Each structure stands twice: as C-alpha cells, then as structure tokens.
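Architecture and fold: a report
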Number of protein chains: 2
Amino acid sequence: MSTPFESEVLKANAKYASTYKHSGLECPPLKKAVLITCMDCRLDPKSAYGFDLGEVTTIRNAGASGRDAERSALLVTHVLGAEEVLLIKHTRCGLLGVPSEVVQDIMKKNLGLTESKDVDNFEVLTFHDLEASTREEVEYLRNHPFWRSHIRVTGWIHDTDTGVLKKIVE
Amino acid sequence: MSTPFESEVLKANAKYASTYKHSGLECPPLKKAVLITCMDCRLDPKSAYGFDLGEVTTIRNAGASGRDAERSALLVTHVLGAEEVLLIKHTRCGLLGVPSEVVQDIMKKNLGLTESKDVDNFEVLTFHDLEASTREEVEYLRNHPFWRSHIRVTGWIHDTDTGVLKKIVE
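Since we're looking at a predicted model, the values are computed, not measured.

This next bit is on the overall build of chain A. The helix and strand inventory of chain A stands at six helices and five strands. What you see in chain A, going N to C, is helices and strands ordered as α-β-α-β-α-β-α-α-α-β-β. With respect to the three principal axes, the spread of C-alpha positions in chain A is 55 × 50 × 35 Å. Buried residues in chain A amount to 56% of all 170 residues. The long-range share in chain A, meaning contacts at least 24 apart out of those at least 6 apart in sequence, stands at 66%. When the accessible area of chain A is evaluated, it comes to approximately 7,300 Å², of which 51% is carbon and sulfur surface.

The following block contains the structure:
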C-alpha cells in the first residue's frame, strides 16, 4: 500500500532513474566540502549553491545545529577527507524566537499528557538571535574535543525570501 | 577571505537568487511529508524523488539514522504538521559493514592519540545489514516514547548506482 505522496515519489523516481548517469560514484565528496543546514522545506542546497552529485556532503537537521550534526560532521571530516564545512542557518527558521517550553507544551498536548519531565527535558535547541546562534554553532564544532584543528568551519545565513546566501562567520 | 569552494558557492548562489521566485513560502511542508536520508554526496533527494521547494522537510545524517534524526523528526511531526516519514538508506553507504573500532582508530590517529576512552565511546552507528538496519531505524522511531502513533514511518533503500528507490519496510 502506498500513500498518495509515496506514489508521487515512486513515479518521479522512475523518471529520475531512467536518465541516471552517476553509476560508480564513490563515497568521499569530490569537493572535500560539507554543508550543515536546516531540514526546512524552503532550502534546496544543491540548486542554491550549485554543486553536482558526488561533490558535497549535506547534513540537515532542525535549525542547522552544529551540536546535533556533530556525529556526522566528525565522520565526514575524519574518515571521508572533507576539509571545509559551511554551517548555513536561514531566515524565518521555525526554531527562531520560540521558547522551548512552547514546543514542549505542544508535544505534551499531542501526546495527551498534562505533565512529563521527559518531554520537559527534551532538547529543542531553539535560538533567539540568528547571527549569534550561527556563531555559537560554528564555535561548538571548532571547540569540539574531537575536531581536527585544520578543518575550516564558516557560518552563513540563507534568506528564504530572496534565495541569497551570506557569510557571517569567517 | 573565501576558499575556492566558497567562491564557487557564492557565484552559483548569485545566479540562483537572480531567478528566485519562492518569496513568502512558510515553514510547514506543504506535502506534510518528511525524508530522513543519508548525508552522502551521491544523494539528491529533491531531484530523485521529485518535489518542489516548500513541499517536503529533509533530514540528513551519516547513515540515515532514525535515532540521530529523532529531535528533528519529533519537531516536524509535532509542530509542523508532517504526517508521514520516509526513512531512506542507500547502497554502498560508508557506514555499511565497517566496525565502529575501525572508525574510532582513524579518529584517534588523526587526533594524535594512542588511547582515548572518549573516542572509544563515540557512537559511530555503523551497521552490517542494510535491510535489517533500515527496519531497526524505522522501528526506533515508531517505538519512541514521544512518537505520535498515527504518524506513518516507512523504510526505503536507494541504489546509488541506478538511482532507483525501493520500499522495503511498509
């Protein structure tokens, strides 16, 4: 059984596979570069930043969190030869300016709970200042005890209303 | 100062932004759907599965791990109205068939350490059977104490040599 969305995905994928020309590509990213960006539906890193299949590793999570991406970022830089990381947050992010308690209250309501210490301890990783948060997430990776000191990490903000990307942490 | 990669990104982005027509899109994904897939450079979910900007949330990490994606998947289903999740692993994944100790040894060598309990405790989340691991990661989310029981999670495998996507966990 497929949902309507799954059927759409399979139809689109059949078309994609029918002209696929990337057999044989290997695991390490050819550009030796990594993006960490938000899971947000308004972002399409490959088109917005212009790379081809096989060239760049892309990590995505809620808010483009460096700490949430830590396992993946360590793996790609230690094992797959990546040498630079672009951490890209974006305007109008769903985690911007929202207190964690608001999110936790929604979760409790959805789960039919009036109280839950477990949900209260759930780390939402919201933030209140887009630029400051970008800087903090970059610093988190740079200062991670397992970070290789020569791996470059920079911080960027993508405007979802203009498509424009700007570097804010050199 | 920009690296050659950063300069390429900025040049491509200027072109992208010059024809950008998606101003005003909001945060909740229009298709109410979420992909969890690998950070691997050989995957391009948007093209491979055929959706447009604003339609689908995309979470990516090393190995398409459900447990690593848990924070993001809980947020998008509890707060942003997503109703179905496709967890997509892929062939020839860098975490497939590699013992965690091999990865940890590479990390220690890179860091100039002969011994490190901290690195030995680093959770790589490798796996040895692609289908079994897909099933386990799907089950992890379904059984998460904060998971909303009506949110559908299915498991899929993408072949990086053919571009073909197949559902393996209904």
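Now for helix α4 (residues 100-110) of chain B. Inspection of α4(B) places B:Ser100, B:Val103, B:Gln104, B:Met107 and B:Lys108 among the buried residues, and these make up the whole buried set. Projected onto a plane normal to the axis of α4(B), the buried residues spread over an arc of 140° and lie on a single side. Packed against the buried residues of α4(B) are α3 (70-78) of chain A together with α5 (117-120) of chain B. Directly after α4(B), the chain includes B:Gly112, whose backbone phi takes a positive value near 70°.

Interaxial distance between helix α4 (residues 100-110) of chain A and helix α3 (residues 70-78) of chain B falls to 10 Å at its minimum, and their mutual angle equals 70°. In this view, α4(A) runs roughly perpendicular relative to α3(B), as classed from their interaxial angle. Residue-level contacts link A:Val103, A:Ile106, A:Met107 and A:Asn110 of α4(A) to B:Leu74, B:Leu75 and B:His78 of α3(B). Residues of the contact of α4(A) with α3(B), tallied by class, amount to five nonpolar, two polar and no charged.

Take the UniProt feature "binding site: Zn(2+)" (unreviewed entry) in chain A next. Residues and elements named next belong to chain A. The UniProt record marks Cys38, Asp40, His90 and Cys93 with the feature "binding site: Zn(2+)" (unreviewed entry), using the residue numbering of this structure. The largest pairwise C-alpha distance within this set of annotated residues, which runs over 56 residues, is 8.9 Å, so the set is compact in three dimensions. Checked against the element boundaries, His90 lands in strand β3 (residues 84-90). When near neighbours in sequence (up to four residues on either side) are disregarded, His90 contacts Cys38, Asp40, Arg42, Leu43, Leu130, Ile157, His158 and Thr160. With respect to the helices and strands, Cys93 occurs in the loop between β3 and α4. Note on Cys93: relative accessible area 8%, which makes it buried. Ignoring sequence-local partners within four residues, the contact set of Cys93 consists of Cys38, Gly63 and Phe127.

A word on the pairing of strand β3 (residues 84-90) of chain B. Residues and elements named next belong to chain B. With respect to burial, β3 is a largely interior element, seven of its seven residues being buried. Residue alternation in β3 divides its side chains into two sets, Glu84, Leu86, Ile88 and His90 and Val85, Leu87 and Lys89, and both sets are buried. Sheet analysis places strand β1 (residues 33-38) next to β3, joined by five bridges and oriented parallel. When the bridges of β3 are listed, Thr37 appears paired with Ile88. For β3 and strand β4 (residues 152-158), the ladder comprises seven bridges, and the chain directions are parallel. Bridging across to β4, Glu84 finds its partner in Arg152.

Below, the discussion takes up the relation of the copies chain A and chain B. For the pair chain A and chain B, the superposition axis carries a translation of 0.0 Å, the fit reaches an RMSD of 0.0 Å, and the rotation angle comes to 180°. Taken together, the rotation angle and the small translation identify this as a two-fold axis. Relative to the rotation axis, the C-alpha of A:Arg60 is the closest in chain A, positioned 2.3 Å from it. When the interface residues of chain A are mapped onto chain B, 99% of them are again interface residues, pointing to one common binding face.

Quick look at the pairing of strand β2 (residues 56-61) of chain B now. All names here are of chain B. Among the six residues of β2, six are classified as buried, and the element is accordingly described as predominantly covered. The side-chain alternation of β2 yields two buried faces, one formed by Val56, Thr58 and Arg60 and the other by Thr57, Ile59 and Asn61. Relative to β2, β1 runs parallel, the two being bridged by six bridges. Its bridge partner being in β2, Cys38 is matched across the sheet by Asn61.

Right, let's get into helix α1 (residues 4-18) of chain A. Here α1(A) is 15 residues long and its end C-alpha atoms lie 21 Å apart, about the 21 Å a rise of 1.5 Å per residue gives. Considered for burial, the residues of α1(A) that qualify are A:Phe5, A:Glu6, A:Val9, A:Asn13, A:Tyr16 and A:Ala17. Summarising the axial view, the buried residues of α1(A) lie within an arc of 95°, below the 170-degree limit, and thus occupy one face. Of the exposed residues in α1(A), those oriented more than 90 degrees away from the buried face are A:Pro4, A:Lys11, A:Ala14, A:Lys15 and A:Ser18. Check the buried side of α1(A) and you find it contacts β1, α2 (45-49), β2, β3, β4 and β5 (165-169) of chain B.

Definitions and cut-offs
Numbering of residues begins from 1 in every chain and follows the order in which that chain's sequence is written. Labels are handed out in written order, letters beginning with A for the chains and numbers beginning with 1 for the ligands. Two thresholds apply to this predicted model, a pLDDT of at least 70 for residue-level local features and 80 or more for giving and counting side-chain atom pairs, whereas whole-chain, interface and lining totals are computed over all residues. As a rule here, side-chain values cover all heavy atoms of the structure and leave hydrogens and water aside. Each helix is a run of DSSP H or I of at least 4 residues and each strand a run of E of at least 2, with the numbering of both proceeding from the N terminus. For each residue, the accessible area found with a 1.4 Å probe, counting protein chains only, is set against the maximum for its type, and the residue is called buried under 20%, exposed over 50%, and partly exposed in between. What makes two residues a contact is simply this: any of their non-hydrogen atoms within 4.5 Å. Accessible areas in this description were obtained via Shrake-Rupley with a 1.4 Å probe; residue shielding takes into account the shown protein chains only. The arc in question is the one spanned by the directions pointing from the helix axis to the C-beta atoms. Angles shown run from 0 to 180 degrees and are taken between the N-to-C directions of axes, each axis being a line fitted to C-alpha atoms and, for helices, limited to the stretch in contact. Here roughly perpendicular refers to angles of 65 to 115 degrees, roughly parallel to angles under 35, roughly antiparallel to angles over 145, and oblique to all remaining angles. Ten residue types, Ala, Val, Leu, Ile, Met, Phe, Trp, Tyr, Cys and Pro, are classed as nonpolar, four, Asp, Glu, Lys and Arg, as charged, and the remainder, Gly among them, as polar. UniProt positions are given in the numbering used here, feature names are shortened, and annotations may be inferred rather than shown by experiment. A strand pair is defined by DSSP finding two or more bridges across the two strands. Alignment of the copies relies on least squares applied to C-alpha atoms, considering only residues that score at least 70 for pLDDT in both. To estimate the expected span of a helix, subtract one from its residue number and multiply by 1.5 Å.

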